[in-house]
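Observations on the three-dimensional arrangement
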Amino acid sequence: MDTELLKTFLEVSRTRHFGKAAEHLYLTPSAVSFRIRQLESQLGVTLFTRLRNNIQLTSSGDALIPHAESMLLAWARAQHEVALSERQTQQLAVAGTANLWDAYLQDGLHRLYCELPALSLRADIRTPEQMTRALLGRTLDLAFLTDPARIEGVRHIAIHTMELQLVSTYPGLDTAKAMAQDYIRIDWGTAFNTQHAKLFNTATPPLLHTGSVRIALEYLLHHGGSTFLPSSMINNYQQQEQLFIVDDTPSIKREVYAAYLPGGERQGLIDQVITLFGPQDEGD
C-alpha cells in the first residue's frame with residue numbers, strides 16, 4: 001500500500017476538511033480527494049461521509065486510524081534503520097507526553113548522547129493512547145508517561161517522582177486567591193486531575209487550560225497568574241522573583257514511568273536508556 005495514501009487519510013481525518021488537508025500536504029483538493037478514493041477502493045470500504053461542509057469518519061475510517069499510524073511509524077523506522085550510518089550502530093524509538101519532555105525528559109536526552117554516542121534515537125511527543133498502541137505494535141521501544149496503562153505484557157518502571165507546586169507571579173497569595181486570580185490549569189494526567197478535584201473545591205473556571213507546560217509558563221510570565229509547576233522548574237524564577245510559591249497549598253506528587261514490552265532484542269539498550277533517564281547522583 002502507498003504510504004502517501006495513509007498520510008493523506010490521516011490528515012483528512014485530523015482536519016475534517018479536504019481543502020485544509022490539501023494545504024498542509026501541498027496538494028490540490030482534487031488530488032487529496034483522488035487519494036482517498038484510491039484508498040477506499042483498495043480497502044473496499046467507505047472511509048468518510050461527505051456532506052456539504054461536514055466530513056465525518058465512518059466506523060471503518062475510525063478503525064483504520066490506529067493501523068495507519070502504526071504502518072507509517074513502522075515504515076519510518078525501517079527507513080531509519082536502513083539509513084543508519086556506520087557510527088550509529090544502535091537504534092531506539094522513544095516517546096513521551098509534551099509535559100514530560102518540557103519538565104523532565106530533556107535532561108535525560110542530553111545524557112543519552114553523551115553516554116551512548118553510537119545511538120540513533122527517534123524521540124517523539126505522543127499521547128498516552130498513541131504510545132500504548134505503538135508499544136503493542138512494536139513501533140515504539142520505550143514510552144514515558146505519568147498514568148501507566150494497565151495492559152497485559154507492558155512493563156512499567158517508576159523512574160522519577162515529580163513534585164508539583166502551586167506558584168504565582170503575585171507574591172503573598174493564599175490558595176483561595178491563587179485559584180481565583182488568573183489560574184492556569186495544566187493537564188498533568190488523570191491521577192493529577194483526580195487529586196486536584198479532591199484538594200481544591202473551586203467553581204472558578206481556569207483562565208487558561210492547556211496540556212503544555214511551555215504554553216502555560218510563557219503565558220504566566222507575560223500576563224501573570226498561578227499554576228502548578230514541577231519544583232525542578234521553579235528555582236531560577238524564584239531567584240529572579242518572577243514566581244512565588246503559594247505556601248499554604250499542598251504539593252501534588254506524580255510518578256514518571258518508563259513503559260516497554262520486555263524480552264525483545266533491544267532489552268539491554270532499553271535498560272541502559274531507562275537508567276540514564278532515571279534519577280542521577282548529585283555529582284552527575
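These figures come from a predicted structure and were not determined experimentally.

This part is about the side chain of Gln165. With respect to the helices, strands and loops of the structure, Gln165 is situated in strand 6 (residues 155–168). When its relative accessible area of 18% is taken as the criterion, Gln165 is described as buried. Not counting the four nearest positions on each side in its chain, Gln165 is found in contact with Thr227, Phe228, Leu229, Ser231, Ile234, Ile245 and Ser251.

With that settled, consider helix 1 (residues 3–15). Two residues of an α-helix separated by three or four positions point the same way, owing to the 3.6 residues in each turn. Its 13 residues place the ends of helix 1 19 Å apart at the C-alpha level, agreeing with the 18 Å of an ideal helix rising 1.5 Å per residue. Buried residues dominate helix 1, accounting for 10 of its 13 residues. For helix 1, every residue scored as buried is listed here: Thr3, Leu5, Leu6, Thr8, Phe9, Leu10, Glu11, Val12, Ser13 and Thr15. With a side-chain oxygen positioned 2.9 Å from the backbone nitrogen of Glu4, the residue opening helix 1 is Asp2. Positive phi shows up at Arg16, right after helix 1, with a value of about 55 degrees.

If you check which residues of helix 2 (residues 18–25) are buried, you get Phe18, Ala21 and Ala22. For helix 2, the angular spread of the buried residues around the axis is 100 degrees, confining them to a single face. As for helix 2, its buried residues are in contact with helix 1, helix 3 (29–43), strand 1 (48–51) and strand 2 (54–57). One or two steps after helix 2, the chain reaches Tyr26, where phi turns positive at roughly 60 degrees.

How big an interface is tends to be reported as the loss of accessible area on association of its parts. Domain boundaries in the protein chain define domain 1 (3–81), domain 2 (88–160 + 256–277) and domain 3 (161–254). The distance between the C-alpha centroids of domain 1 and domain 3 comes to 39 Å.

By the definition in use, this model includes 12 salt bridges. Salt-bridge contacts for Glu69 lead to Arg133; the nearest nitrogen and oxygen are separated by 2.6 Å. Of this pair, Glu69 sits in helix 4 (residues 59–82) while Arg133 sits in helix 6 (residues 128–136), and the two are 64 residues apart along the sequence. Its relative accessible area of 22% is what places Glu69 among the partly exposed residues. When its relative accessible area of 32% is taken as the criterion, Arg133 is described as partly exposed. Here Arg214 and Asp102 are joined by a salt bridge, their closest N and O atoms 3.1 Å apart. Of the two residues, Arg214 sits in helix 9 (residues 213–223) while Asp102 sits in helix 5 (residues 98–115), which places them 112 residues apart along the sequence. Its relative accessible area of 23% is what places Asp102 among the partly exposed residues. Here the salt bridges do not stand alone but share partners, grouping Glu4, Lys7 and Arg35 into one network.

Reading the values: the criteria
- Residues numbered from 1 in each chain as written.
- Predicted model: local features only at pLDDT ≥ 70, side-chain atom pairs only at ≥ 80, totals over all residues.
- Heavy atoms only, no water.
- Helix = DSSP H or I, 4+ residues; strand = E, 2+ residues; numbered from the N terminus.
- Buried < 20%, exposed > 50% of the residue type's maximum accessible area, 1.4 Å probe, protein only.
- Contact = heavy atoms within 4.5 Å.
- Expected span 1.5 Å × (residues − 1).
- Polar contact = N/O pair within 3.5 Å; in protein donor to acceptor, adjacent residues only side chain to side chain.
- Arc of directions from axis to C-beta.
- Domains from an automatic or database assignment.
- Salt bridge = Lys/Arg side-chain N within 4 Å of Asp/Glu carboxyl O.

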